[in-house]
Amino acid sequence: MKTTVEISDALLLAAKKLAHERSTTLREIVEEGLRVVLQSRQAQPFQLRDGSFGKLGMHHKMTWEEIRDEVYQGRGA
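Quick look at the structure, then. Sequence positions are assigned chain by chain, starting from 1 and proceeding in written order. The predicted nature of this model means local features are confined to residues of pLDDT at least 70 and side-chain atom pairs, given and counted, to a pLDDT of 80 or more, with totals for whole chains, interfaces and linings taken over all residues. Note that the side-chain values use all heavy atoms of the structure and ignore hydrogens as well as water.

1. Brief notes about the pattern of salt bridges
Just to be clear on terms, a salt bridge is a Lys or Arg side-chain nitrogen sitting within 4 Å of an Asp or Glu carboxyl oxygen. Here the structure, examined in full by the defined rule, presents four salt bridges. A salt bridge links Arg-22 to Glu-32, with the nearest nitrogen and oxygen atoms 2.7 Å apart. Linking Arg-22 in the loop between helix H1 (9–21) and helix H2 (26–43) with Glu-32 in helix H2, this pair joins segments that are ten residues apart in sequence. A 1.4 Å probe rolled over the protein chains alone gives each residue an accessible area, and that area as a share of the maximum for its type sets the label: buried under 20%, exposed over 50%, partly exposed in between. The exposure class assigned to Glu-32 is partly exposed, which follows from its relative accessible area of 35%. When the shortest N-O distance is used, the salt bridge between Arg-35 and Glu-31 registers 3.3 Å. Residue Arg-35 and its partner Glu-31 are both found in helix H2; the two are separated by four residues, about one turn of the helix. Overall, Arg-35 belongs to the partly exposed group, its relative accessible area being 45%. Looking at Glu-31, the relative accessible area reads 24%, which means it is partly exposed. Strands are runs of DSSP state E lasting at least two residues, helices are runs of H or I lasting at least four, and both sets are numbered from the N terminus onward.

Okay, here's the thing in structure tokens:
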């Protein structure tokens, strides 16, 4: 499939130089780079950041209903 991609002149020159050194095509260099990026994303599963408040955190577990009541305390009827 053909497509057009805009990249910096310096990056294109470096990629062409690498292709020449490897006796391959620019297409192969670009495809290899895309494969590397896509494979690295698959190898790193999504992970939530630690959103705790240091070592304090919650001292007891709350149910969703208790959390809701706490959030909406003083609002409504």
